[in-house]
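One-letter residues, chain by chain:
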Amino acid sequence: MEHRLVGPGPYRATKLWNETVELFRTRMPLRKHRCRFKSYECCFTAAEAVDWLHELLRHSQNFGPEVTRKQTVQLLKKFLKNHVIEDIKGKWGQEDFEDNRHLYRFPPSSPLKPYPKKPPYQRGVIKFPEWNDSPPGTLQENIPVRPVVMNSEVWFKRHSIAIGEVPACRLVHRRQLTEAHVEEIWKSMTLSYLQKILGLDSLEEVLDFKLINSKFIIHNVYSVSKQGVVILDDKSKELPHWVLSAMKCLANWPNCSDLKQPMYLGFEKDVFKTIADYYSHLKEPLLTFHLFDAFVSVLGLLQKEKVAVEAFQICCLLLPPENRRKLQLLMRMMARICLNKEMPPLCDGFGTRTLDEVDLDELLAARLVTFLMDNYQEILKVPLALQTSIEERVAHLRRVQIKYPGADMDITLSAPSFCRQISPEEFEYQTTYGSQEPLAALLEEVITDTKLSSKDKKKKLKQFQKSYPEVYQERFPTPESEALLFSEKPKPKPQLFTWVLKNPFQPFQRTRSFRM
């Protein structure tokens, strides 16, 4: 009995459901049973189903040995509700499944969960804010690109400094970056970083770009305390005082006499129930509904712990600041409770680690919460490599520029910088991506050049994409971000518009003279 490993990607929860259902239907042992003086062929008892499915889940790479028997019973209840199984009399849906000797069987056919249907992938539809005041154009696909010929004159102009002949130059200050531009850089590079970690061709199936708020990312990076916990500007979104007091009490148990609370047998359970009730009645799960698919996709990377931690770091940066703060405080409290040997069990029938504060599927949520608790200190840190990369990009765009007359490109120089010690992680990142920085700077020059016509800019961008696809993909991670550079649609032809007004009820016959 082996589960195929379901890696990261869209619809991972649906894939796991279908995979488990198929294995259960095809491999669950069936035999003859007697019940109330009657014999039934090809069936199984509830206890047999629990035994077999529990063993399957525990040995699965997608779930692991942490799966409990009670969780297996809950999954079989869902199977009965969704008509994956039925009782021996053909009843399902409203019936309750219990771990006993009741007989069940498989229906003739078991409908698997279909994958959500989404419109076909279209290139050139995502919008990106204009970086200059020039009139926008319309993005055209498959434009033939004429290769740039590097003759001796062009080479001399581009490398005149290297050969020791520096012509007259002038300082040119770049266009000042607005707050909206900086926010878009943070959003674009963060999503590009997440896409690369997950190994996906696109994030469209796991994220809705419109719901990603770049202000949240920036706030979660910079507005933090010395302990790394997010600080909220709006105090009305803070945890209530009584919840914070309850969490502090359990985190310091039993040394919480300074809180002046009455102590009695079972006091700690009542305090914990108060906290659990508050988190369970939130309007939205801490990990939010629209980030569900992103977090579930990361579960497929748990075999590579370091990669999974990096992916979770990025996903948690996308959370609203109030959600991230509540998650940080909750994880810190639960981690301290787990390490406290004097703390009695807080919930009958469950260990502290299996308590789920998010509205995810129970088995996946248990695996997710366990990994979060084991690695919460790293997961809720700001990824240094990403922060450094974005800050360097923004700083580069604000540098003074030196222009040389007659040259067909700009050479950007900055003031000399002093040496500083860097971390091993930053060194590895610079080793991998350092060579791409000049190319990324060149791409930004083309994007922000107000003197280029829309047609010339398209040609240069296409040529750059052909020559350096990785750098181009990092700057434009999605078709939408590329299309926004030329977002304006062409106006309809006046002749066609006039014809429609004059003939509103006459069907339009397309002829060879019209190009649609």
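K.L.:
Explain the overall build of the protein chain to me, and be specific about the residues and the numbers.
P.N.:
Within the protein chain, the regular secondary structure consists of 19 helices and 6 strands. The long-range fraction of contacts in the protein chain, counting pairs at least 24 apart against all pairs at least 6 apart in sequence, stands at 70%. Accessible area of the protein chain: about 30,400 Å², with a carbon and sulfur share of 55%.

K.L.:
Account for unusual backbone geometry, with residues named and values stated.
P.N.:
A positive phi angle, close to 55 degrees, is found at R36, a residue other than glycine. Residue position: R36 is located in the loop between β1 (31-35) and β2 (38-45).

K.L.:
How would you sum up the confidence of the model for the protein chain? Please name residues and give values.
P.N.:
A residue-level look at the protein chain finds 70% of positions with pLDDT of 70 or above and a mean pLDDT of 75. For the protein chain, per-element mean pLDDT is lowest for helix α19 (residues 494-502), which scores 50, and highest for helix α6 (residues 214-222), which scores 94. Long-range and interchain partners of residues 408-418, a stretch whose pLDDT sits below 50, account for 21 contacts in this model, where long-range means more than four residues apart. A low-confidence stretch, residues 510-516 (pLDDT under 50), is modelled with 2 contacts involving residues beyond four sequence positions or located in other chains.

K.L.:
Requested: an account of the packing of helix α10 (residues 305-317) against helix α12 (residues 362-379), with residues and values cited.
P.N.:
In the contact formed by α10 and α12, the axes pass within 10 Å of each other and the chain directions differ by 80 degrees. Here α10 lies roughly perpendicular to α12, going by the angle between them. Of the residues in α12, those in contact with E305, A308, V309, F312, Q313 and C316 of α10 are L368, F371, N375, E378 and I379. A per-class count over the contact of α10 with α12 returns 7 nonpolar, 2 polar and 2 charged.

K.L.:
Describe in detail the nonpolar core, supporting the description with residues and values.
P.N.:
Core analysis: the biggest nonpolar cluster contains 104 residues, and F24, F79, I85 and L207 have the highest contact counts within it. Non-local contacts of I85, meaning those with residues more than four positions away in its chain, are made with F24, F44, L76, F79, L80, W92, F97, Y104, R105, F106 and P107.

K.L.:
Mind laying out the packing of aromatic side chains, listing which residues take part and the relevant values?
P.N.:
Under the criterion given, the structure shown has 14 aromatic pairs. Through pairs of rings, three or more aromatic residues link up here, namely W17, F24, F44, W52, F79 and F106.

K.L.:
Before we move on, could you go through the sheet that holds β2 and cite the residues and values that matter?
P.N.:
In a beta sheet, neighbouring strands pair by backbone hydrogen bonds and run either parallel or antiparallel. Within the open sheet, the 4 strands sit side by side as β1-β2-β4-β3. Their pairing is antiparallel. Either end of the sheet is taken by a strand with one partner, and the two such strands are β1 and β3 (86-87). Examined bridge by bridge, β3 and strand β4 (residues 103-105) share 2 bridges and lie antiparallel to one another. Bridge pairing in β4 links D87 to Y104.

K.L.:
Residue-level account of the state of the cysteines, with values.
P.N.:
A complete count under the given rule lists 0 disulfides for this structure. Free of any disulfide, C43 has its nearest cysteine sulfur in C42, 7.7 Å distant. Among the cysteines around C316, which has no disulfide bond, C315 carries the closest sulfur, lying 6.9 Å off.

K.L.:
Describe the pattern of salt bridges, and please don't skip the residues or the numbers.
P.N.:
Applying the stated criterion across every chain, the model contains 13 salt bridges. Taking the shortest distance from any N to any O, the salt bridge between E179 and K215 comes out at 3.7 Å. On the criterion of sequence distance, the pair formed by E179 in helix α5 (residues 179-198) and K215 in helix α6 is long-range, its members being 36 residues apart. Overall, E179 belongs to the exposed group, its relative accessible area being 59%. The salt bridge involving R475 is made with E444; its shortest N-O contact spans 2.4 Å. Taken as a pair, R475 in helix α17 (residues 469-475) and E444 in helix α15 (residues 437-448) lie far apart in primary sequence, 31 residues in all. Here the two residues R475 and E444 agree in accessibility, since each one is buried.

K.L.:
Quick rundown of α6? Include the residues and the values.
P.N.:
Residues S214, I217, H219, N220 and V221 constitute the buried set of α6. Its side-chain oxygen 2.9 Å from the backbone nitrogen of K215, N213 forms the N-cap of α6.

K.L.:
Any details on the pairing of β1? Residues and values, ideally.
P.N.:
Across 4 bridges, β1 lies against β2 in antiparallel orientation. From the neighbouring strand, C35 faces β2, where its bridge partner is K38. Where β1 folds back on β2, the antiparallel hairpin that results is connected by 2 residues, among which R36 adopts a positive phi of roughly 55 degrees.

K.L.:
If you had to explain the pairing of β2 to someone new, which residues and values would you point to?
P.N.:
Where β2 and β4 come together, 2 bridges link them in antiparallel fashion. Paired with T45 across the two strands is L103, which belongs to β4.

Here is what the cut-offs are and how they apply
- Residues numbered from 1 in each chain as written.
- Predicted model: local features only at pLDDT ≥ 70, side-chain atom pairs only at ≥ 80, totals over all residues.
- Heavy atoms only, no water.
- Helix = DSSP H or I, 4+ residues; strand = E, 2+ residues; numbered from the N terminus.
- Contact = heavy atoms within 4.5 Å.
- Areas by Shrake-Rupley, 256 points an atom, 1.4 Å probe, with all protein chains shown as cover.
- pLDDT = per-residue confidence, 0-100.
- Axes fitted to C-alpha atoms, helices over the stretch in contact; angles between N-to-C directions.
- Parallel < 35°, antiparallel > 145°, perpendicular 65-115°, else oblique.
- Nonpolar A, V, L, I, M, F, W, Y, C, P; charged D, E, K, R; others polar.
- Core = buried A, V, L, I, M, F, W, Y, C linked by side-chain atoms within 4.5 Å.
- Buried < 20%, exposed > 50% of the residue type's maximum accessible area, 1.4 Å probe, protein only.
- Phe/Tyr/Trp six-rings, centres within 6.5 Å; stacked < 30°, edge-to-face > 60°.
- Pairing = 2+ DSSP bridges.
- Disulfide = S-S within 2.5 Å.
- Salt bridge = Lys/Arg side-chain N within 4 Å of Asp/Glu carboxyl O.
- Polar contact = N/O pair within 3.5 Å; in protein donor to acceptor, adjacent residues only side chain to side chain.

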